[in-house]
Amino acid sequence: QAVGTAISLCKKYKALPRELSAHIGELQQLISEDDGYIPGVVNRDNDDIARLCKPVASSRKAGFEEINLVNGTSRAEENASNAWRSDGISPQGEKVTFRFGEVKEVSRVQIMFDSGFGYPIKITLSDNRRMQQREGVPEELVKAFTVRLLKNGETVAEKTVNDNVLRMRRVEFDKTPCDCVELVFFSTHGTADIRVFEVRIKA
């Protein structure tokens, strides 16, 4: 992944690989946006509108507050959860709201879900190792959710995803002026709470 991304930057800047050190920060940020993990590197994307917001959730568990959605890290590290978890799932779904304070154009909302990194995933012939692994979709993964763009309190665009099986989900829109993004999460593949690591909102 890193090599492929680096090659794209070489093409962009018409540079040899050994000349790419001048753009190492951009390379790291592109890898991070595509869910590559580099210890110590956090999201510093100036085009990510979510970073300017203080998200508000309908519920939360202690240690898993919604501010973690914009802290720049999309997985757990040592004693830091870096995730938001709802306190159960209400019949209306669990909501996280991002308010911009002014009208912005939005074309993409990217959500990084919890996909159960704590469990081993290995290609192996060992019966013992195979017994340690879970079959099917991770129960932590969000299954159904809606992304809603609002302007002056009115919905101007909306998309719903059902039967999600991806950790990283990019929901694309035509460029839409709005002053708020709402995410409503309805169900998971098994857990009794919603678990999300990161939200990015791009023009």
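Coordinates for the structure precede this section.
From a predicted model like this one, the values you see are computed outputs, not experimental measurements.

A.B. asks: Would you mind showing me how to read the pairing of strand 6 (residues 168-188) here?
C.D. replies: Two faces belong to every sheet, and in a regular strand the side chains alternate between them. Note that strand 3 (residues 94-113) and strand 6 share 14 bridges and pair antiparallel. By the bridge assignment for strand 6, arginine 108 is matched with glutamate 172.

A.B. asks: Looking at this model, I keep getting lost on the pattern of salt bridges. Mind explaining?
C.D. replies: Charged atoms that come close allow side chains of opposite charge to pair. Scanning all chains against the criterion turns up 16 salt bridges. Across the pair arginine 75 and aspartate 35 runs a salt bridge whose closest N-O atoms are separated by 2.8 Å. Placement of the pair is arginine 75 in the loop between strand 1 (56-57) and strand 2 (84-85) and aspartate 35 in the loop between helix 2 (24-33) and strand 1, with a sequence separation of 40 residues. Here arginine 75 matches aspartate 35 in class, with each residue buried.

A.B. asks: Where do I start with the packing of aromatic side chains in this structure?
C.D. replies: The relative placement of two aromatic rings is captured by the distance of their centres and the angle of their planes. Within the structure shown, the criterion is met by 4 aromatic pairs. Both rings, one in phenylalanine 145 and one in phenylalanine 185, keep their centres 6.1 Å apart while their planes meet at 40 degrees; by these two values the pair is tilted. In this pair, phenylalanine 145 is assigned in strand 4 (residues 142-151) and phenylalanine 185 in strand 6, connecting sequence segments 40 residues apart. For the pair phenylalanine 145 and phenylalanine 185, a shared accessibility class is recorded, and that class is buried. Taken together, the ring pairs in this structure connect Trp84, Phe113, Phe145 and Phe185 into an aromatic cluster. Its end group placed over the ring of phenylalanine 64, arginine 85 keeps NZ or CZ at 4.2 Å from the ring centre. For the cation-ring pair, lysine 159 lies above phenylalanine 173, with the distance from its terminal atom to the ring centre recorded as 5.3 Å.

Analysis parameters
What you see as residue numbers is a count from 1 along each chain, following the sequence as written. Note on the predicted model: pLDDT of at least 70 is required for a residue's local features to be given, and 80 or more for side-chain atom pairs to be given and counted; whole-chain, interface and lining totals, by contrast, use all residues. Hydrogen atoms and water are omitted, and side-chain values are computed over all heavy atoms in the structure. Any two strands with at least two DSSP bridges between them are considered paired. In this text, helices come from DSSP runs of H or I with a minimum length of four residues, and strands from runs of E with a minimum of two, each type numbered from the N-terminal end. What counts as a salt bridge is simple: a side-chain nitrogen of Lys or Arg found within 4 Å of a carboxyl oxygen of Asp or Glu. Relative accessibility decides the category of a residue: with a 1.4 Å probe and only protein chains considered, values under 20% of the type maximum give buried, values over 50% give exposed, and everything between is partly exposed. Pairing of aromatic side chains requires ring centres within 6.5 Å, counting the rings of Phe and Tyr and the six-membered ring of Trp. Pairs whose planes differ by under 30 degrees are stacked, by over 60 edge-to-face, and all others tilted. Over a ring means this: the NZ of a Lys or the CZ of an Arg is within 6 Å of the ring centre and within 35 degrees of the ring normal.

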